[in-house]
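Listed below, chain by chain, are the residues.
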Amino acid sequence: MNKTYLKLTFFFAFLLQSFFVNAQEEVTTAVCDKYMNPPFVSDGQQYRALINAEEVAEFRATFYGGSIYRITACSGSQEGQLIFAIYDRERNELFSNRGYNNAPYWDFKFNSTVDCIIEAYLAPTAPPSGFAILQIGFSK
Amino acid sequence: MTKKLTLSNILLPFIASLMMIIGIGCNDTPPKNNQTNNLDEEFQSTGGLIKLNDRLFSIPSPLQVASLVKETGIPYNKELLNPVERTSRYTTAFKQALNLGVYGANLGYLNMYDQLPDAAVYFGVVKIMSKELGIMSSIDEKLLERFESNKSNKDSIMQIVSSMYKNADAYLMDNERNEIGIIILTGGWVESLYFLSQLAQTNKSQEIINRIGEQKYPLDNLIELLRPYYGKQSEEFDHLLEQLVDLATVFDGITIEYKYVPPTTYADKKLTVINSTTKTIIQDVQLNLITEQVEAIRNSIVQ
């Protein structure tokens, strides 16, 4: 009897956890989508991770010269909960939204093609863990 | 002895698990490692640095490459496209995913050059192949309806196509089919490089040649995305990765000179201008080798 209860408890816990994780992810995506609008076109990829306060999410991207890009960065249901920074391959910081109220989006005009590293981490005011979602859009 | 599953038998564990979840949700202290183990497995963690959904790299959009080609003033060339009649040849998930990427790049190219009737045909192919791959969700059905009502609007089509690929990417990640998403990206990237290399041979445009050289790091990124699946998918997959690694050895010879220049930020416009400069040096022999190898890879994908 106890084993049956235990199995069912874990089964429901798994289902509920999946439900809450998906719900949180959808809410965060909607916040990000709000700023990915014309003339910006998404690159067709979504960059996301569940991170804790002490973790940093990172990925690399190539930005073409002569193009304007928009990066949106969101966590949770409110804006300003995700800090992101862009570095070149030599680790020179090119931008961080932390000096601009953790702005949920920022535009970048690249005069020349640059390979970059993008880092994202939760703002001190954000909950201790949450989904980090980034999107990259380009404008012609 | 069998046990009956009565309502109370089911409800009690349900309530217990609900309380567990609520308990986790209401805890303001950082979650302990054992509470997030399942999620940590899903979202790989390496010390304090984590990958965004198992991807440490982004691949340039084929739609953007099509836009860059159009900006050079090079005229439209239908011969570059993969004919839609070939779709019936693609019967495996691997081939379907690769060619979904190829046709997406074709769609971007057609759209950029205002070939909207042909774009509608290619969109139909993308729709069929997405269904065959099992990645057409209800959201995409709405996107298809939007396409039908915006068939003559080039910018709208661009938005719709990018949304569709983004939704597919998210859907595949949600359903632990990340490798299919990466194969689609690979098909799109190879097709874009095929366009660039073919156009460079016929037009000798330095801008196009530079764009080819700039694929050096995206190719490295693509290989890193594919590498974890080597030896775990199929012989076709492994062969493709080996071809890309061979191509990367040619790209290794390309020199990219980078000079950091402090950026300029316009806070009122939420805009930062990146002033750093990159100079790409690519020799004719390298360009010819890249053209040959990309054509071979592309042919193995579309045949």
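Computed from a predicted model, the values in this text were never measured in an experiment. (Residues numbered from 1 in each chain as written. Chains lettered and ligands numbered in written order. Predicted model: local features only at pLDDT ≥ 70, side-chain atom pairs only at ≥ 80, totals over all residues. Heavy atoms only, no water.)

(A) How the structure looks around the overall build of chain B. Along its length, chain B carries 12 helices and 6 strands. For chain B, contacts bridging at least 24 residues in sequence account for 72% of all contacts bridging at least 6. Carbon together with sulfur atoms contributes 52% to the accessible area of chain B, which is approximately 14,200 Å² in total. (Helix = DSSP H or I, 4+ residues; strand = E, 2+ residues; numbered from the N terminus. Contact = heavy atoms within 4.5 Å. Areas by Shrake-Rupley, 256 points an atom, 1.4 Å probe, with all protein chains shown as cover.)

(B) Region of the structure containing empty space enclosed by the protein. Within the structure shown, the criterion is met by 4 cavities of 30 Å³ or more. When its volume is computed, the largest cavity comes out at roughly 240 Å³. Lining the largest cavity are 23 residues; nearest its centre among them are Asp-43 of chain A together with Pro-62, Tyr-165, Ile-184 and Leu-185 of chain B. Elements with a minimum of two residues in the lining of the largest cavity: α3 (62–71), α4 (93–112), α7 (154–174) and α8 (178–203) of chain B. Among the residues forming the lining of the largest cavity, the class breakdown is 12 nonpolar, 9 polar and 2 charged. (1 Å grid on protein atoms, 1.4 Å probe; cavity = no way out; pocket = protein on both sides within 12 Å on 5 of 7 lines; lining within 4 Å. Points joined across faces, edges and corners; volume = space filled by probe spheres on them. Nonpolar A, V, L, I, M, F, W, Y, C, P; charged D, E, K, R; others polar.)

(C) Highlighting the environment of Ile-281 of chain B. Residues and elements named next belong to chain B. Tracing the backbone through its elements, the reader meets Ile-281 in strand β6 (residues 277–281). Assessed through its relative accessible area of 27%, Ile-281 is described here as partly exposed. Along the sequence, Ile-281 and Asn-210 sit 71 residues apart, while their C-alpha atoms lie 7.9 Å from each other. With sequence-adjacent residues up to four places away left out, Ile-281 is seen in contact with Ile-254, Thr-255, Glu-257 and Gln-286. (Buried < 20%, exposed > 50% of the residue type's maximum accessible area, 1.4 Å probe, protein only.)

(D) Spatial organisation of the pattern of salt bridges. Residue and element names in this part refer to chain A. The final tally for this structure, using the stated rule, is 9 salt bridges over all chains. The closest approach of N and O atoms between Glu-119 and Arg-91, which form a salt bridge, is 2.7 Å. On the criterion of sequence distance, the pair formed by Glu-119 in strand β8 (residues 114–122) and Arg-91 in the loop between β5 (82–88) and β6 (93–96) is long-range, its members being 28 residues apart. (Salt bridge = Lys/Arg side-chain N within 4 Å of Asp/Glu carboxyl O.)

(E) Region of interest: the environment of Asp-43 of chain A. Its place among the elements puts Asp-43 of chain A in the loop between β1 (41–42) and β2 (47–52). According to the relative accessible area criterion, Asp-43 of chain A is buried, its value standing at 9%. Counting along the chain gives 95 residues from Asp-43 of chain A to Phe-138 of chain A, while the straight-line C-alpha distance between them is 7.0 Å. In this structure Asp-43 of chain A touches Ile-136, Gly-137 and Phe-138 of chain A together with Ser-61 of chain B, once residues within four positions along its chain are discounted. Within polar-contact distance, the side chain of Asp-43 of chain A engages the side chain of Tyr-47 of chain A at 2.6 Å. (Polar contact = N/O pair within 3.5 Å; in protein donor to acceptor, adjacent residues only side chain to side chain.)

(F) Highlighting the packing of aromatic side chains. Inspection of the entire model under this criterion finds 17 aromatic pairs over all chains. Both rings, one in Phe-95 of chain A and one in Phe-108 of chain A, keep their centres 5.2 Å apart while their planes meet at 75°; by these two values the pair is edge-to-face. Taken together, the residues span a long stretch of sequence, with Phe-95 of chain A in strand β6 and Phe-108 of chain A in strand β7 (residues 105–110) at a distance of 13 residues. By relative accessible area, which is 3% here, Phe-95 of chain A ends up buried. Connected via pairs of aromatic rings, a cluster forms that spans Phe-84, Phe-95, Tyr-100, Trp-106 and Phe-108 of chain A. Between the NZ or CZ atom of Lys-70 of chain B and the centre of the ring of Tyr-113 of chain B, over which it lies, the distance is 5.5 Å. (Phe/Tyr/Trp six-rings, centres within 6.5 Å; stacked < 30°, edge-to-face > 60°. Lys NZ or Arg CZ within 6 Å of the ring centre and 35° of its normal.)

(G) Just the side chain of Thr-29 of chain A, in detail. Residue and element names in this part refer to chain A. Among the secondary structure elements, Thr-29 is positioned in helix α1 (residues 2–33). Thr-29 sits in the buried class, given a relative accessible area of 12%. Sequence-distant contacts of Thr-29, defined by excluding residues within four places in its chain, comprise Gln-46, Ile-133 and Gln-135.

(H) Structural view of helix α12 (residues 284–302) of chain B. All names here are of chain B. Over its 19 residues, α12 runs 27 Å from end to end, which matches the ideal 27 Å to within 8%, given 1.5 Å per residue. Every buried residue of α12 is accounted for by Gln-286, Leu-287, Ile-290, Thr-291, Val-294, Ile-297, Arg-298, Ile-301 and Val-302. End-on view of α12: buried residues confined to an arc of 140°, all on one side of the axis. Of the exposed residues in α12, those oriented more than 90 degrees away from the buried face are Val-285 and Glu-292. Contacts from the buried residues of α12 go to α4, α8, α9 (206–213), α11 (235–251) and β6. (Expected span 1.5 Å × (residues − 1). Arc of directions from axis to C-beta.)

(I) Region of the structure containing the pairing of strand β5 (residues 271–274) of chain B. Neither face of β5 of chain B is left uncovered, since the one carrying Leu-271 and Val-273 of chain B and the one carrying Thr-272 and Ile-274 of chain B both have all their residues buried. Sheet analysis places β7 of chain A next to β5 of chain B, joined by 4 bridges and oriented parallel. Paired with Phe-110 of chain A across the bridge in β5 of chain B is Ile-274 of chain B. Judged from the 3 bridges that link them, strand β4 (residues 264–266) of chain B and β5 of chain B form a sheet pairing that is antiparallel. Within β5 of chain B, the residue paired with Tyr-266 of chain B across the bridge is Leu-271 of chain B. Hairpin connection, β4 of chain B to β5 of chain B: the antiparallel pair is bridged by 4 residues, and Lys-270 of chain B has positive phi, about 50°. (Pairing = 2+ DSSP bridges.)

Keep in mind these numbers describe shape, not what the thing actually does.
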